[in-house]
Amino acid sequence: MTEPRTPAPSALTDLIHHPYEPTAPFSAPQPGVFKASSIFFPNVQAMRSWDWKDKSAFTYGLHGTPTAYILEERIAALEGGKHCLLVTSGLAAISVVGLAMLRAGDHVLLPDNVYGPSKGFAESELARYGVSVGYYQPLSVEHCASQIQPNTRLVWLEAAGSVSMEFPDLRALVQLCKEKAIPTAIDNTWGAGLAFNVFDLDGDGSHRLGVDISAHALTKYPSGGGDVLMGAITSRDPAIHRRLQATHMHMGFGVGVNDVETILRSLPSMSLRYYAHDAAARQLAGFMAQQAAVVQVLHPALAGSPGHAHWKAQCGGKTGPHGLEGAAAGLFSVVIDPRYTQSQIDLFCESLRWFKLAYSWGGPISLVVPYRIGSMRSLPEESLKPGTVVRFSIGLEDVADLQADLAQALQKAFG
Ligand SMILES: *Cc1c(COP(=O)(O)O)cnc(C)c1O
């Protein structure tokens, strides 16, 4: 038992300072959940010298606890990176990258189909700090090259692009930026570290060609529950990591450990879920392609979809666990024939029984969102046929039930 203490503290004090510490070894499937704002130092010398930046010590909860570091290491491994920082959301991952890599007078280039709020951050916040913003056609390397300015200091990539799902020629875009010594960052939420390796686009372990930074909304597949918001910023270069880490610290974007715990719990099943979402999405995208009301299906693994050849080159080749080529997440969009009215399209979305009207994706419940794509694009939309875009996120329900649901809603709205 514990040593006698003189003078003996009162029971009230022992509710706070009780000396018992569990000593037996403890090993279980999930890592321990360590929560802290304050972290104790053994002496003043330690307080002055301990450095959290290289993870050799813990100094304050904002900079991480053992639980958060475990998730960082796992996400870095998942994405093929070396360093990872956790932030409060996927959007925070995007904003930290912008704040860390850019300064007044710089120019940042985004694909025109980039995640919408990423445009909002650049145009509202970065612009206020004197950073100018440009857009490139995601499927045109030539257009991207033509938009690069002498002061371009960051080029964003996204594969597949948001809502319209074009898959860009990542290799050529990264090669172009490398030749001009411009750092690249990718929004890797769709690929999630499973569809392709953003730091090794040749996929041969050479790391000859890859992006500098990956921003990933862990909110989506790593969480898989539709109940947690978190983001990760992954990199390989130590100098870039230090810049990101400094901005991360100055902004105070530490994450809550309850949320870290939830994601650590979901991570082991992520690959199983990802390929199950993918198989169901491909079946339903194929079903939607046969419907009279649908003029175009936007799914990078479907032949004829914008950028399909680039998807095949980057994510194809191997056969996945469901016998399908490559990996392609659980998302697709359709373009509804322009002869139908907006209220018919709204009726279609509202008539779905299993698909809920909601943003985000990666959870067990299928979701649907009608978009006004025209208001989201800064450049002429080159890949889409005229009509209204409806985006589906396929959950983990029985795919036969989802297909029957789509069929009854199509019938009700479009006859
Ligand atoms: C959801 C999403 C984000 C933002 O993630 P949040 O955690 O919701 O802020 C960023 N990029 C893409 C592609 C996303 O789908």
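Just so it is clear, the model here is predicted, and its values are computed rather than measured.

Student: Is there a simple way to think about the overall build of the chain in this case?
Tutor: Along the chain, the regular secondary structure elements total 13 helices and 12 strands. Computed over the C-alpha atoms, the radius of gyration of the chain is 24 Å, within 12% of the 22 Å expected from 2.2 N^0.38 for a compact globule of 415 residues. Expressed along its principal axes, the backbone C-alpha trace of the chain runs to roughly 85 × 55 × 40 Å. When the 415 residues of the chain are sorted by exposure, 51% land in the buried category. In the chain, of all internal contacts separated by at least 6 residues, the share reaching a separation of at least 24 is 75%.

Student: I tried to follow the domain arrangement of the chain on my own but got confused; where do I start?
Tutor: Many analyses report the size of an interface as the accessible area lost when the parts associate. As assigned here, the chain comprises domain 1 (44-268) and domain 2 (270-414). If you look at the interface, domain 1 gives 39 residues, while domain 2 gives 39 residues. Taken over both partners, the interface formed by domain 1 and domain 2 buries close to 3200 Å², and the fraction arising from carbon and sulfur atoms is 60%. Three residues, Val163, Trp190 and Tyr221, lead the burial of domain 1 against domain 2; their summed loss comes to 25% of the area buried on that side. In this assembly, domain 1 and domain 2 are joined by 0 salt bridges. Our count for the contact surface shared by domain 1 and domain 2 stands at 17 residue pairs in polar contact (both at pLDDT 80 or more). Counting residues per element, the ones that place at least two in the side of domain 1 that touches domain 2 are strand 3 (132-136) and helix 7 (170-179).

Student: Explain the packing of aromatic side chains here, please?
Tutor: For any two aromatic rings, the description comes down to two numbers: the centre-to-centre distance and the angle of the planes. Scanning the model with the defined rule gives 12 aromatic pairs in all. Between the aromatic rings of phenylalanine 167 and phenylalanine 196, the centroid separation amounts to 6.0 Å while the plane-to-plane angle is 70°, which identifies the pairing as edge-to-face. Highlighted residues: phenylalanine 167 in the loop between strand 4 (152-158) and helix 7 and phenylalanine 196 in the loop between strand 5 (184-187) and strand 6 (213-217), separated in sequence by 29 residues. You can call phenylalanine 196 buried: its relative accessible area is 6%. With centroids separated by 4.6 Å and ring planes inclined at 50°, the aromatic side chains of tyrosine 340 and phenylalanine 414 adopt a geometry described as tilted. Within this pair, whereas tyrosine 340 is found in the loop between strand 9 (331-336) and helix 12 (342-351), its partner phenylalanine 414 is found in helix 13 (residues 399-414), the two being separated by 74 residues in sequence. In this structure tyrosine 340 comes out as buried when scored by relative accessible area, which is 13%. By relative accessible area, which is 10% here, phenylalanine 414 ends up buried. Three or more aromatic residues joined by ring pairs form one cluster here, namely Phe332, Tyr340, Phe348, Phe355, Phe392 and Phe414. For the cation-ring pair, lysine 55 lies above tyrosine 69, with the distance from its terminal atom to the ring centre recorded as 4.6 Å. Looking at lysine 119, its charged tip hangs above the ring of tyrosine 135, at a distance of 4.7 Å from the centre.

Student: Teacher, can you tell me more about the site of the ligand here?
Tutor: Around the ligand lies a shell of 13 residues, among which Gly90, Leu91, Asp187, Thr219 and Lys220 are the nearest. Between the ligand and lysine 220, the relevant distance is 2.5 Å, taken from an oxygen atom to a side-chain nitrogen or oxygen of the residue. The side chain of tryptophan 361 places a nitrogen or oxygen atom 3.3 Å from an oxygen atom of the ligand. When isolated, the ligand has an accessible area of 380 Å², and the protein chains bury 90% of it.

Student: Help me out: how do you make sense of the packing of helix 3 (residues 66-79) against helix 9 (residues 257-266) in this one?
Tutor: In a packed pair of helices, the relevant descriptors are the angle between the two axes and the axis-to-axis distance. Here helix 3 crosses helix 9 at 40°, and the two axes come no closer than 9 Å. When the interaxial angle is binned, helix 3 and helix 9 end up oblique. Once helix 3 is placed against helix 9, the crossing between them reads as left-handed. In this structure, helix 3 uses Thr67, Ala68, Ile70, Leu71 and Arg74 to contact helix 9, whose residues at the interface are Val257, Val260, Ile263 and Leu264. Counted by class, the contact of helix 3 with helix 9 contains 7 nonpolar, 1 polar and 1 charged residues.

Student: Explanation requested: the pattern of salt bridges in the structure shown.
Tutor: Close approach of charged atoms lets side chains of opposite charge pair. With the rule as written, the count across this model stands at 12 salt bridges. A salt bridge links aspartate 51 to lysine 53; the nearest nitrogen and oxygen atoms lie 3.7 Å apart. Exposure remark for aspartate 51: the relative accessible area of 28% places this residue in the partly exposed category. With a closest N to O distance of 2.6 Å, arginine 128 and glutamate 125 form a salt bridge. Taking relative accessible area as the criterion, arginine 128 reaches 59% and is therefore assigned exposed.

Student: What should I look at first to understand the nonpolar core in this one?
Tutor: If you look at soluble globular proteins, the nonpolar side chains tend to sit buried side by side. The biggest cluster of nonpolar side chains holds 62 residues, and the ones touching the most others in it are Leu71, Leu86, Phe167, Trp190 and Phe196. Here this core spans two domains, and each of domain 1 (44-268) and domain 2 (270-414) adds at least three residues to it. Contacts of phenylalanine 196, omitting those with residues within four sequence positions, involve Ala159, Phe167, Leu170, Ile186, Asn188, Trp190, Gly191, Leu201, Gln314 and Cys315. Residues Ala285, Phe287, Cys349 and Leu352 belong to the second largest nonpolar core, which totals 29 residues.

Student: What's the story with the side chain of histidine 63 in this structure? I'm lost.
Tutor: Of note, histidine 63 is situated in the loop between helix 2 (44-49) and helix 3. When its relative accessible area of 17% is taken as the criterion, histidine 63 is described as buried.

Student: What am I meant to see in the packing of helix 10 (residues 270-289) against helix 13 here?
Tutor: For the pair helix 10 and helix 13, interaxial distance at closest approach is 10 Å and the crossing angle is 25°. It follows from the interaxial angle that helix 10 and helix 13 lie roughly parallel. Relative to helix 13, helix 10 is oriented so that their crossing is right-handed. Across from Ala280, Gln283, Leu284, Phe287 and Met288 in helix 10, the residues of helix 13 making contact are Val399, Leu402, Gln403, Leu406, Ala407 and Leu410.

Rules used in this analysis
Residues numbered from 1 in each chain as written. Predicted model: local features only at pLDDT ≥ 70, side-chain atom pairs only at ≥ 80, totals over all residues. Heavy atoms only, no water. Helix = DSSP H or I, 4+ residues; strand = E, 2+ residues; numbered from the N terminus. Rg over C-alpha atoms; globule rule 2.2 N^0.38 Å. Buried < 20%, exposed > 50% of the residue type's maximum accessible area, 1.4 Å probe, protein only. Contact = heavy atoms within 4.5 Å. Domains from an automatic or database assignment. Buried area = accessible area lost by both parts, 1.4 Å probe. Salt bridge = Lys/Arg side-chain N within 4 Å of Asp/Glu carboxyl O. Polar contact = N/O pair within 3.5 Å; in protein donor to acceptor, adjacent residues only side chain to side chain. Phe/Tyr/Trp six-rings, centres within 6.5 Å; stacked < 30°, edge-to-face > 60°. Lys NZ or Arg CZ within 6 Å of the ring centre and 35° of its normal. Near = heavy atom within 4 Å. Areas by Shrake-Rupley, 256 points an atom, 1.4 Å probe, with all protein chains shown as cover. Axes fitted to C-alpha atoms, helices over the stretch in contact; angles between N-to-C directions. Parallel < 35°, antiparallel > 145°, perpendicular 65-115°, else oblique. Left-handed = near helix turned anticlockwise from the far one by under 90°. Nonpolar A, V, L, I, M, F, W, Y, C, P; charged D, E, K, R; others polar. Core = buried A, V, L, I, M, F, W, Y, C linked by side-chain atoms within 4.5 Å.

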